[in-house]
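Structure at a glance
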Amino acid sequence: MDYYLSDELTDIRDICREIAEKYIVPARAELDEENRFPREIMKVMADSDILGIYIPEEFGGTAEAFGGGAMALSVATEEFSRACGGVAVSYAANALGAMPILISASDEQKTRYLPDLASGRKLAAFALTESEAGSDAGGVKTKAIKDGDHYILNGTKQWITNGGEAQVYTVIALTDPSRGARGLSAFIVEEGTPGFSYGKKEDKMGIRASATRELIFEDCRIPAENLISGEGRGFIVAMKTLNRSRPGVASQAVGIAQGALDEAAKYASQRRQFGQRIDSFQAIQFMLADMATQIEAARALTYSVARMIDAGAKKYEKVSAMAKVFASDVAMKVTTDAVQILGGYGYMKEYPVEKMMRDAKITQIYEGTNQIQRAVIASALIKETAAGGN
Amino acid sequence: MASIEVRKDTCVGCGACVPACPYGVISMEDGLAIISDECYLCGACESSCSFGAIIIRQDKSEKVDISEYSGIMVLAEQRDRVVDHSTLELLGEARRLADSCGQEVLAALLTSDCGDWPARLVEHGADRVLVTSAAELTHFRTEPFTQIVSRMIEEMRPAVVLAAATTTGRDLMPRIAKNLNTGLTADCTELVIDGESGNLMQTRPAFGGNIMATIVCADTRPQMATVRPRVMKALEPDPARAGEVVEFPAAHGELDSRTEILEFLPLEEGEVDITESDIIVSGGRGVKDSTNFALLEELAGLLDASVGASRASVDAGWIPYPHQVGQTGKTVNPKTYIACGISGAIQHRVGMQSSDRIIAINKDETAPIFEFCHEGFIGDLFEILPLVIKEIKKRRS
Amino acid sequence: MRIAVAVKQVPDTAEVRIDPERGTLIREGVPSILNPFDEYALEEAFRWRDELGGTVVVITMGPPWAESVLREAVAMGADEALLISDRAFAGADTWATSHTLAAAVTKLGDVDLVITGKQAIDGDTAQTGPSIAASLDWPQITFVGKVRSIEDGHILAERYVEGGIEVVRSSLPAVVTILKDANTPRLPSLRGKMKARKLEIPTWGIDDLGLDPAETGLDGSPTRVVTISTPETSSDGEMHRGTPEELAAVLADLLLGEEES
């Protein structure tokens, strides 16, 4: 389907596709097998100016050229995901890490951090999740206690994407334990700060090219000027960040699904059984048709939300959740069907679809499980109904 | 200025020229091909027309008197004073051409010490050998060789000058041709002298091997060509052949050069130049990953062969670029080329099709390689190769 | 340091098909691309510009629509682009092409180094680079697999020749032709693409270069293609089928045939 992308967005798509074909596809099986972060590929993305597409020009990016950055980020993430969900997550998590600074930080903080993130000299990561705080951000235990012109951080963040690979971390911690979620604040923590170390590296089912790691803070002193947006604003910063990033997860899902459909359609056109190409069988044809239709619907919804954000919409929590839920469920369904079409070969690591199926699963889980997303959608719906609105 | 014309009386309106035009500037109107002003005179339509209805006219104001030129000159290539086999092949071809039109064969040898090579060049077909000896000519260097050979050509006026299409020939010949304002055809695989015009018909693959183009240099002389090594056949040396050796000393300044060779690093052991191998075991997409190349290497080791690869396997990073055979890699013509899991796309084919014997192993019966190989094995290379290795070891022990 | 890179727009020969009945090339619908070898020439120029400072100007001779490969080169990182285009340049062989390109380099005036790819994939001649050098009367280093250094008005490079590597030093200005071994070409960047779309590209014609029509295009070309044919495709190859064991035995016979006899 033609989405009438602007010339600039077409440029992003073309460049990302070229990076995907030349660098990601040849490396993806090995990165997956070795559970290895794609540093060289991130460097190629940086050299191609792809890391700064959502960052405004005054901070070293090119966002204005794309009318914002949400759509740009969606297009880029989708292209990378089509080749490898793991590499794409490393890319998207970098944007996620930068998002609190972009959305809520002071100009001084933006000037200090964004240019390096736009150029790729530094990578970013977002640190919210803890062992007791998954869907419930109110369960955060990591504390940030004010001590003169510093904050002292103590606690452990879990499953942090780009953990150990990023140099700039945006961390959500409790400044006022008595106030629960309202006592949360957002901080910028740089790699190398004394008291900040990396813990366990996770061995995941999918997206294995991405780094997922614990962050450990032990009496870690950070300057008070690294507080983003004021004490007690952490929960809002986190929610805004996640609302902004959800179309990105949706794009990951769309990309993974598209990659799986590409493989399945190609295989079906080459594989012969009973003396004919298997794509001549209606059973296969209908599966492919459903897969393609679902992907197109997911993409249309995702792009609509991204375009809404770029157009300056203030309220997009519900639709952003819808895009995430729908696209990730499509990704799971489509990748499973792709494995089915490839049959025994699909189950083997020799073909990429089993990896795509593993990669797809996480999109239903992270950045808010699909159950939480549905709760968000339902609660918005109930509020709208109560208000007699649309 | 040059022009293109469609002859209205000859054009039958078949439309064959329309898809042949790379620029899309030909259309059919009222059963006649119309070529727009955007035509870039590439000539694709001219050769696509079976009726000779498209004519491109050159506007040549100055004409060279081509009758003043006679003889076939071969530029001998030497490294460390040893003449390359490609030179002997060229002499064989030059002899054949010269005999077809009653002309003589000249050989030009630039070296620091010619040894018995002038006599050997005569044995291989030369009538006259021009020798320039100077310490500066130990190694090929563009400028001295250009200057000396250019003067030889000006003095001897050969009708044809041939050099091997090696890195030396392809460095030197364009420079000479440009200086002498004459034409040069690269990497020829077939040469014939047209009896009527006396022009050298130079045939070579082009367009990635999709076509064979025959090229002439009708109005200037000499007609220069580089010739693909291992395509032409050398003559058996005949010690009874008579020939003349002529000293052609370098003139003042001709040995000057703005480039200097600081050192020559021969290929190390194990670092084979695949173009020099008699047997090549080559792997394509079907080899599937880098570790599987070990299987090909093992077979190559047994056969004293080198390992080649298709672009697909080089692009996938399974084996480095120096092993790549094909249009964007190396052109090889070994005695035996064993293509394992290579489909045989045209881009690969042009790099190996002149091999004496092509053996293909592929599980896809419809792979294009089976259309031009000499021995085709339909089967899984992962099943066949280990068994072949075992079999060879068994028979040898 | 000003480096000129001469590039060519070529048909993607991988996409060319043959009309089986007429034996002619079907070029309709075949995409035109930047000659793949030229990407390596551009990358080499970018590397030395990035290291030494200066600019890279990319030049092509061709029809007006050849401009697209110049924009591609700008997207990769070229600073300037120049299109050499004129009806009088049509139908040029390598002699006339190099003659015209050399005139453009001379007109540019302050070029220290001309880089070209080893050859173009449509003609595969590898003649244009050395012919440009001859026209300019500059030294040349062809088949360069590695540029070691550019300093003190000299370039030091490795020529990959039969049987080994020649380490060659040349004074500048010079012409260098680059092999694929030399580098890994960078991808176009987003900023490069945005610049490429907007850049005004000057076009120089025959009058700008002060050339005579007799020395350009088809009229200035000593060679002409007279016939085009398709290579023989038929093969009376022998096909072997059977169990892996049977096939292996036959193959071993073939491979060891000469040894055993």
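Cut-off values and rules
Residues numbered from 1 in each chain as written. Chains lettered and ligands numbered in written order. Predicted model: local features only at pLDDT ≥ 70, side-chain atom pairs only at ≥ 80, totals over all residues. Heavy atoms only, no water. Pairing = 2+ DSSP bridges. Helix = DSSP H or I, 4+ residues; strand = E, 2+ residues; numbered from the N terminus. Axes fitted to C-alpha atoms, helices over the stretch in contact; angles between N-to-C directions. Expected span 1.5 Å × (residues − 1). Buried < 20%, exposed > 50% of the residue type's maximum accessible area, 1.4 Å probe, protein only. Left-handed = near helix turned anticlockwise from the far one by under 90°. Contact = heavy atoms within 4.5 Å. Domains from an automatic or database assignment. Buried area = accessible area lost by both parts, 1.4 Å probe. Salt bridge = Lys/Arg side-chain N within 4 Å of Asp/Glu carboxyl O. Polar contact = N/O pair within 3.5 Å; in protein donor to acceptor, adjacent residues only side chain to side chain. Phe/Tyr/Trp six-rings, centres within 6.5 Å; stacked < 30°, edge-to-face > 60°. Lys NZ or Arg CZ within 6 Å of the ring centre and 35° of its normal. Nonpolar A, V, L, I, M, F, W, Y, C, P; charged D, E, K, R; others polar. Core = buried A, V, L, I, M, F, W, Y, C linked by side-chain atoms within 4.5 Å.

A closer look at the sheet that holds strand 20 (residues 336-340) of chain B
Strand order in this open sheet of six strands is 19(B)-18(B)-20(B)-21(B)-22(B)-15(C), and the pairing throughout is parallel. Two strands lie at the open edges of the sheet, namely strand 19 (306-309) of chain B together with strand 15 (238-240) of chain C, each paired on one side alone. Between one strand axis and the next, the sheet turns by 20° as a mean value, whatever way the strands run. Here strand 18 (residues 279-283) of chain B pairs with strand 19 of chain B via four bridges, running parallel. Paired with glycine 283 of chain B across the strands is alanine 309 of chain B, a residue of strand 19 of chain B.

What about helix 4 (residues 85-104) of chain A?
The first and last C-alpha atoms of helix 4 of chain A sit 28 Å apart over 20 residues, in line with the 28 Å expected at 1.5 Å per residue. Taking burial as the measure, the 20 residues of helix 4 of chain A include 19 buried ones, the bulk of the element.

Comments concerning the packing of helix 3 (residues 70-83) of chain A against helix 6 (residues 234-270) of chain A
Residue and element names in this part refer to chain A. Two numbers describe how helix 3 lies on helix 6: the axes approach to 7 Å, and their chain directions differ by 30°. Helix-helix and strand crossings are classified by hand; for helix 3 and helix 6 the assignment is right-handed. Together, Ala70, Ser74, Thr77, Glu78, Ser81 and Arg82 of helix 3 and Arg244, Pro247, Gly248, Ser251, Gln252, Val254, Gly255, Ile256, Gln258, Gly259 and Asp262 of helix 6 make up the contact between the two elements.

Focus: the domain arrangement of chain A
All names here are of chain A. In terms of domains, chain A is made up of domain 1 (7-122), domain 2 (125-232) and domain 3 (235-385). Of the residues lining the interface, 13 residues belong to domain 2; the matching set on domain 3 comes to 13 residues. When domain 2 packs against domain 3, the two sides together hide about 1,100 Å² of surface, and 77% of this comes from carbon and sulfur. Here domain 2 is connected to domain 3 by zero salt bridges. Our count for the contact surface shared by domain 2 and domain 3 stands at two residue pairs in polar contact (both at pLDDT 80 or more).

Let's talk about the packing of aromatic side chains
Per the counting criterion, the structure on display carries 14 aromatic pairs over all chains. Between phenylalanine 274 of chain A and phenylalanine 281 of chain A, the ring centres sit 6.3 Å apart and the planes meet at 85°, which makes this aromatic pair edge-to-face. Plain terms: the ring middles of phenylalanine 140 of chain B and phenylalanine 145 of chain B are 5.1 Å apart, the flat faces sit at 70° to each other, and that makes the pair edge-to-face. Relative accessible area serves as the criterion here: at 8%, phenylalanine 140 of chain B is assigned to the buried category. With relative accessibility at 7%, the residue phenylalanine 145 of chain B sits in the buried group. Grouping aromatic residues by their ring pairs yields a cluster made of Tyr169, Phe196, Tyr198 and Phe217 of chain A. Across the ring face of tryptophan 117 of chain B, the terminal group of arginine 120 of chain B is positioned such that the distance to the ring centre comes to 3.8 Å.

Looking at the sheet that holds strand 7 (residues 80-84) of chain C
Pairing between the strands of a sheet comes from backbone hydrogen bonds, and it takes one of two forms, parallel or antiparallel. Taken in spatial order, the ten strands of this open sheet run 17(B)-11(C)-10(C)-9(C)-12(C)-8(C)-1(C)-6(C)-7(C)-13(C), and their pairing is mixed. At either margin of the open sheet sits one strand with a lone partner, and together these are strand 17 (259-266) of chain B together with strand 13 (203-204) of chain C. Sheet topology note: the strand 10 (residues 154-161) of chain C/strand 11 (residues 164-171) of chain C ladder contains eight bridges and is antiparallel. Bridge pairing in strand 11 of chain C links isoleucine 155 of chain C to serine 170 of chain C. Contacting strand 1 (2-7), strand 8 (113-117), strand 9 (140-151) and strand 12 (174-178) of chain C, helix 4 (residues 128-136) of chain C crosses the sheet at an angle of about 180° to strand 12 of chain C.

Structural notes on the pairing of strand 22 (residues 375-378) of chain B
Of the two faces of strand 22 of chain B, the one carrying Glu375 and Phe377 of chain B and the one carrying Gly376 and Ile378 of chain B are both buried. Alignment of strand 21 (residues 357-362) of chain B against strand 22 of chain B, held across four bridges, turns out to be parallel. Across the sheet, residue isoleucine 361 of chain B finds its bridge partner in strand 22 of chain B, namely phenylalanine 377 of chain B. Two strands pair when backbone bridges link them, and strand 22 of chain B and strand 15 of chain C are joined in this way by three bridges, in the parallel orientation. Each bridged residue has a counterpart across the sheet, and for glycine 376 of chain B the counterpart in strand 15 of chain C is methionine 239 of chain C.

With respect to the interface of chain C and chain B
Taken residue by residue, the interface counts 100 residues in chain C and 107 residues in chain B. Summed over the three residues of chain C that lose the most area to chain B, namely Arg27, Glu162 and Arg224 of chain C, the buried surface amounts to 8% of that side. Counting the contacts that link chain C with chain B gives nine salt bridges. For the salt bridge of arginine 241 of chain C with glutamate 365 of chain B, the shortest nitrogen-to-oxygen distance reads 2.7 Å. At the boundary of chain C and chain B, one finds 44 residue pairs in polar contact (both at pLDDT 80 or more). In terms of residues, the side of chain C that touches chain B owes the most to one element, helix 7 (residues 244-260) of chain C, which gives 14 residues. Tallied by class, residues from the side of chain C that touches chain B come to 46 nonpolar, 29 polar and 25 charged.

A word on the nonpolar core
Judged by nonpolar contacts, the single largest core of 121 residues is most densely connected at Ile12, Ile19, Ile24, Met45, Ile50, Phe80 and Val189 of chain A. Beyond its immediate stretch of four places on either side in the chain, isoleucine 19 of chain A contacts Ile24, Ile41, Val44, Met45, Ser48, Ile50 and Phe80 of chain A together with Leu187 of chain C. Judged by nonpolar contacts, the second largest core, of 47 residues, contains Ile54 of chain B together with Met61, Val175 and Trp204 of chain C.

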